Amino acid sequence: MKDAERPIGVFDSGIGGLTVAGGIHDLLPNEHLVYFGDTRHLPYGDKSDKTILDYCDRIAQFLIDQNCKMIVIACNSASSASYAALEQKYGHLVPIINVIDPVVQQVSARPCGSTAILATPATTNKGLYVSKLHALHPEMEIVPIASKSLATIIEEGLFYNRKLIAEIVDHYFGDYPELESVVLACTHFPIIRDMIEEHFDRGINIFDSTDAVALAVKDRLEVMHLLNPSRSKGEHRFYVSDLTDSFQKMARIFFGDNVQLQYYPLWEDPELRVF
Ligand code: DGL
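About the cut-offs
- Residues numbered from 1 in each chain as written.
- Predicted model: local features only at pLDDT ≥ 70, side-chain atom pairs only at ≥ 80, totals over all residues.
- Heavy atoms only, no water.
- Helix = DSSP H or I, 4+ residues; strand = E, 2+ residues; numbered from the N terminus.
- Contact = heavy atoms within 4.5 Å.
- Buried < 20%, exposed > 50% of the residue type's maximum accessible area, 1.4 Å probe, protein only.
- Axes fitted to C-alpha atoms, helices over the stretch in contact; angles between N-to-C directions.
- Parallel < 35°, antiparallel > 145°, perpendicular 65-115°, else oblique.
- Left-handed = near helix turned anticlockwise from the far one by under 90°.
- Nonpolar A, V, L, I, M, F, W, Y, C, P; charged D, E, K, R; others polar.
- Salt bridge = Lys/Arg side-chain N within 4 Å of Asp/Glu carboxyl O.
- Phe/Tyr/Trp six-rings, centres within 6.5 Å; stacked < 30°, edge-to-face > 60°.
- Near = heavy atom within 4 Å.
- Polar contact = N/O pair within 3.5 Å; in protein donor to acceptor, adjacent residues only side chain to side chain.
- Areas by Shrake-Rupley, 256 points an atom, 1.4 Å probe, with all protein chains shown as cover.
- Arc of directions from axis to C-beta.
- Pairing = 2+ DSSP bridges.
- Right-handed = clockwise from strand over helix to strand, strands pointing away.

K.L.:
Before we move on, could you go through the environment of M140 and cite the residues and values that matter?
P.N.:
Its place among the elements puts M140 in the loop between helix 6 (128–136) and strand 6 (141–146). Spatially, the C-alpha atoms of M140 and Q260 are 45 Å apart, while their sequence positions differ by 120 residues. Ignoring anything within four residues of it in the chain, the contact list for M140 reads V107, P111, C112, T115, L133 and H134.

K.L.:
Now, about unusual backbone geometry: what can you tell me, with residues and values included?
P.N.:
A negative phi holds for most residues other than glycine; trans holds for most peptide bonds. For the peptide bond that leads from L42 to P43, omega is 0°, which places it in the cis range. Looking at the element boundaries, P43 is found in the loop between strand 2 (33–37) and helix 2 (49–65). Positive phi is not limited to glycine here, since H225 has a value of about 55°. Tracing the chain through its elements places H225 in the loop between helix 10 (209–223) and strand 9 (236–240). Even without glycine at this site, L266 takes up a positive phi of about 75°. Here L266 is to be found in the loop between strand 10 (261–263) and strand 11 (273–274). Note on L266: relative accessible area 3%, which makes it buried.

K.L.:
Tell me about the packing of helix 4 (residues 100–109) against helix 6, and name the residues and values.
P.N.:
It is at 10 Å that the axes of helix 4 and helix 6 come closest, and there the two elements cross at 40°. The orientation of helix 4 with respect to helix 6, classified from their angle, is oblique. Here helix 4 runs over helix 6; the crossing is right-handed. Contact residues: helix 4 offers I100, D101, V103, V104, V107 and S108, while helix 6 offers L128, Y129, K132, L133 and L136. Taken together, the residues that form the contact of helix 4 with helix 6 break down as eight nonpolar, one polar and two charged.

K.L.:
Account for the pattern of salt bridges, naming residues and giving values.
P.N.:
Going through the model one piece at a time under the given rule, you end up with eleven salt bridges. Among the salt bridges present, the one from K47 reaches D46, with a minimum N-O distance of 3.9 Å. K47 gets classed as partly exposed once you look at its relative accessible area, which sits at 26%. Looking at D46, the relative accessible area reads 40%, which means it is partly exposed. Put simply, D208 and R193 hold a salt bridge, and the shortest N to O gap is 2.8 Å. Of this pair, D208 sits in the loop between strand 8 (205–207) and helix 10 while R193 is found in helix 9 (residues 193–199), placing the two residues 15 residues apart along the sequence.

K.L.:
Describe the packing of aromatic side chains, listing the residues and the values that go with them.
P.N.:
All chains considered together, the criterion is met by eleven aromatic pairs. On the numbers, 5.0 Å between centres and 75° between planes, the contact of F62 with Y239 is edge-to-face. Here F62 is found in helix 2, whereas its partner Y239 is found in strand 9, with 177 residues between them in sequence. On the basis of relative accessible area, F62 is assigned to the buried category, the value being 2%. Relative to Y264, the ring of F62 lies with its centre 4.3 Å away and its plane at 25°, an arrangement referred to as stacked. Of this pair, F62 sits in helix 2 while Y264 sits in the loop between strand 10 and strand 11, and the two are 202 residues apart along the sequence.

K.L.:
Describe the site of the ligand, with residues and values.
P.N.:
Taken together, 13 residues form the shell around the ligand, and within it S13, Y44, G45, N76 and S77 come nearest. At 2.6 Å, a backbone N or O of Y44 approaches an oxygen atom of the ligand. In the model, an oxygen atom of the ligand is placed 2.8 Å from a nitrogen or oxygen of the T187 main chain. Coverage of the ligand by the protein amounts to 99% of the 300 Å² it exposes when considered alone. For the shell around the ligand, the per-class residue count stands at five nonpolar, seven polar and one charged.

K.L.:
Can you break down helix 11 (residues 245–255) residue by residue, with the values?
P.N.:
Regarding helix 11, the residues found buried are S246, F247, M250, A251 and F255. The buried residues of helix 11 all sit within an arc of 130° when viewed along its axis, so they share a single face. For helix 11, exposure combined with an orientation more than 90 degrees from the buried face picks out D245, K249 and I253. Contact partners of the buried residues in helix 11: helix 1 (16–27), strand 2, helix 7 (150–155), strand 9 and strand 10.

K.L.:
I'd love a proper account of the pairing of strand 9, names of residues and values included.
P.N.:
As defined by bridge partners, strand 2 adjoins strand 9 across five bridges and the pair is classed as parallel. Residue pairing across strands places Y35 opposite F238, the latter belonging to strand 9. Both strand 9 and strand 10 contribute to a ladder of three bridges, which runs parallel. Counterpart to F238 in the pairing with strand 10 is L261. In this fold, strand 9 hands off to helix 11, which returns the chain to strand 10; that crossover is right-handed.

Note that every value here comes from positions in space, so none of it alone points to a role or purpose.
What follows is the structure in structure tokens.
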């Protein structure tokens with residue numbers, strides 16, 4: 001297999017990274033994807049950097065073993081906790097893209113007054129959005145808002161319950177009526193983007209990683225002459241460390257009914273099973 005024909009590896013704790021994988025698939029439909037959802041260990045957002053890094057290290061090894069030509073860390077919590085270490089350990093083998101830098105670039109091109117960073121505690125505690133944005137725009141007013149449970153609620157499939165999500169969104173944004181923009185700094189949150197837009201019926205700028213990361217992937221592959229020249233549609237493989245209904249459903253919503261999940265538990269019993 002030629003280098004450019006190798007798949008792109010994408011991973012998250014669960015379904016959130018499907019928003020990123022979907023963006024890559026829309027922009028680069030002939031690329032093959034290998035997706036890993038670490039459903040056994042989610043949520044990542046309330047765990048320590050050390051624990052998250054441990055999971056991410058194992059997943060990166062798995063994706064490299066799957067012959068991936070690039071790794072996309074499709075999770076803000078994982079990008080915060082592991083990008084620097086993974087880049088140092090595997091950067092010479094494979095290009096690694098995190099979800100934070102492309103979004104920071106996008107926000108920085110259109111900086112607004114008061115900007116909320118809605119994220120998991122793992123992401124807000126690390127503070128990379130704030131430090132990176134302040135390095136570019138020291139005057140920016142940034143309000144980090146940490147939610148421990150929203151990603152888990154979405155993962156559970158409760159995003160269909162619009163009343164519940166509207167109440168949760170009111171809860172987090174109710175104290176900040178003056179916001180001018182919101183960064184969805186968790187890859188699960190684009191799934192409820194329309195409900196966040198609805199909350200701010202006066203209109204607000206919303207930034208998320210879906211298009212920004214897809215463009216970063218394309219640019220990097222282009223520079224490295226690794227864009228797949230094939231004209232046929234990419235074939236995707238999906239691995240999970242635990243089978244969950246919501247992952248199955250979401251993977252099919254994003255990638256169609258033919259999606260087959262394969263079980264890969266990361267540490268025990270490395271034998272692959274098709275469900
Ligand atoms: N999707 C992950 C992120 O972007 C968070 C979900 C979790 O807490 O596992 O941060």
